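So the chains spell out like this:
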Amino acid sequence: MKHLYLIRHAKSSWADDTLRDRARPLNARGQSQLAPLGRALAHHGGFGGQVYASSATRAQATLEGILPAAFPPERVHVCPDLYTFDFRRLAEWLQDRDGQGAIAVIGHNPALLELAQWLLKRPPEQLPTASFVHIRIPVRHWHELAGGKGKLETLLTPIQFSYTHFARKLKKRPDTDGARPGRDIPAALQHQLALMQQLTPGVIIGLDDEFLHQYRIAIRRSRAIAESVQEVTNNKLLAKAIKQLKRNANATSRLRDLHVFLQQLPWLCSANDELRTALQTYFEREADDEHQQLVKKLTGKRYLKSLTDWQDRIESRKLEKLAASLSHKDIRKTARRRMDEINKLTAMLTSVSPDEDFHRLRKRLKRTRYLMELDRAGWKQPLKVLRERQKHYGHFQDLHVQIELLEQFRGDAPEILPAALGALKARLEQQKADVRKQILALGGLDGAPI
């Protein structure tokens, strides 16, 4: 069995028309594609064998930018024969690689794409820059390579493994002028649903944590808008959908917490590499397990049906009429009531209040903000106050989760670095106590009148 990775070079520059094609460098976007491409290839075994690159400048720059640290130099090759746009020459070159195992080729279109199309019965139609295709070929020797013999294992493009590059293709959120807030609600929900659907493949692939973060924002914003409509109108049209949105959001919570914790480990354990390695190994395994469970849910019939039902509800005439009935006065009255509730709960907070009280207030602040954003005109300052306050509560919640995760680790592995782990936990508890004091010092929201 042979494994072939066909990697198209990153985005190149055409700015200098005096350069020969072979000498064209990468442009800024191409440079930004390298790190995520390298991570994606490493995740899919792309560096398990020999790595070859065309002698073109853009291919060599791609090679240099994606190779893992300490990759064996004897397995890296720059080959002038790979500077070709003819897949037949590329196929002949591969057939001369007998004695080698897996091969990764950094080259050029149309040769790479047409080679993939020749090898596969169900070939890809495109291979954008900084994309790769992994093909499994059931032969013992490369000279046995022939058309139609390959099986597609993986095809990934930058918009699938990098949120930054995915976001370049996103349509902007619909503009609203606030003149008739209710009229904007169906469009806003459609936009959030489209985001959820577009983000789902990136969440499933799982190579960039930001896909999950943005997916959660889309779900929670959808739920908050639906809850706001329900509260303002006192109509239960969206009640079932709200429950499903809540279930879908809850299914992502633990994985997101693990992502945040793993991202912060270098800072949390900056003085203790041994502790960092132990925590990273343990929680990466936890995150992998959690991700697999989430993928099952996102590809299951129940979840797919929930999206179809939600879309039907969003597009219904009933929602259109209900949303159209909302007025500035209705939204402001409800927002004022929510602000009063937040102030009452804030006044009840003390230095010994349970963490859950702070968490509950954080969620109320966020939902009130989403309600106010249904009618943003004239609310610039109150919204700014809410966002700033959310940061404090968010920091408090992150520390709460980090401490819980450390306690979980200590329960499962009490013999591993107990002193260092105890010191880290004590430091986080002190930080949480400090943030608690900051929140208590903020007082109520009277400074943000509506």
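Above this text you will find the structure in question.
Keep in mind that this is a model prediction, so the values were computed, not measured.

> Even after reading the chapter, I still don't get the layout of surface pockets, so can you show me in this structure?
One way to see where empty space is left: roll a probe the size of a water molecule over the atoms. Size it by volume and the largest pocket reaches roughly 1,100 Å³. Looking at the largest pocket, it is lined by 35 residues, and the ones nearest its centre are R216, R220, H359, R362 and K366. Top element by residues in the lining of the largest pocket is helix 15 (residues 380–412). It accounts for eleven residues. In this structure, the second largest pocket encloses a volume near 790 Å³. Lining the second largest pocket are 26 residues, and of these G206, L207, D209, E284 and D288 sit closest to its centre. Here the lining of the second largest pocket takes seven residues from helix 10 (residues 273–298), the largest share from any one element. Considering only residue class, the lining of the second largest pocket consists of twelve nonpolar, eight polar and six charged.

> I would appreciate a short explanation of the environment of F87 in the present structure.
As for its placement among the helices and strands, F87 is situated in helix 3 (residues 87–95). Considering only alpha carbons, one finds F87 and N109, 22 residues apart in sequence, at a separation of 8.8 Å. Sequence-distant contacts of F87, that is, excluding residues within four places in its chain, are made with A111, E114, L115 and W118.

> Looking at this structure, how should I read the pattern of salt bridges?
Where charged atoms from two side chains of opposite charge come close, those side chains can pair. In this structure the tally under the stated criterion is 23 salt bridges. Salt-bridge contacts for R136 lead to E153; the nearest nitrogen and oxygen are separated by 2.9 Å. Of the two residues, R136 sits in strand 5 (residues 132–137) while E153 sits in strand 6 (residues 151–156), which places them 17 residues apart along the sequence. With a relative accessible area of 23%, R136 lands in the partly exposed category. Of the charged contacts in the structure, one is a salt bridge between R336 and D340, with a shortest N-O distance of 3.3 Å. Taken together, the residues span about one helical turn, with R336 and D340 both in helix 13 (residues 328–348) at a distance of four residues. Members of the salt-bridge network, linked through shared partners, are R221, R369, E373 and R387.

About the cut-offs
Residues numbered from 1 in each chain as written. Predicted model: local features only at pLDDT ≥ 70, side-chain atom pairs only at ≥ 80, totals over all residues. Heavy atoms only, no water. 1 Å grid on protein atoms, 1.4 Å probe; cavity = no way out; pocket = protein on both sides within 12 Å on 5 of 7 lines; lining within 4 Å. Points joined across faces, edges and corners; volume = space filled by probe spheres on them. Helix = DSSP H or I, 4+ residues; strand = E, 2+ residues; numbered from the N terminus. Nonpolar A, V, L, I, M, F, W, Y, C, P; charged D, E, K, R; others polar. Contact = heavy atoms within 4.5 Å. Salt bridge = Lys/Arg side-chain N within 4 Å of Asp/Glu carboxyl O. Buried < 20%, exposed > 50% of the residue type's maximum accessible area, 1.4 Å probe, protein only.

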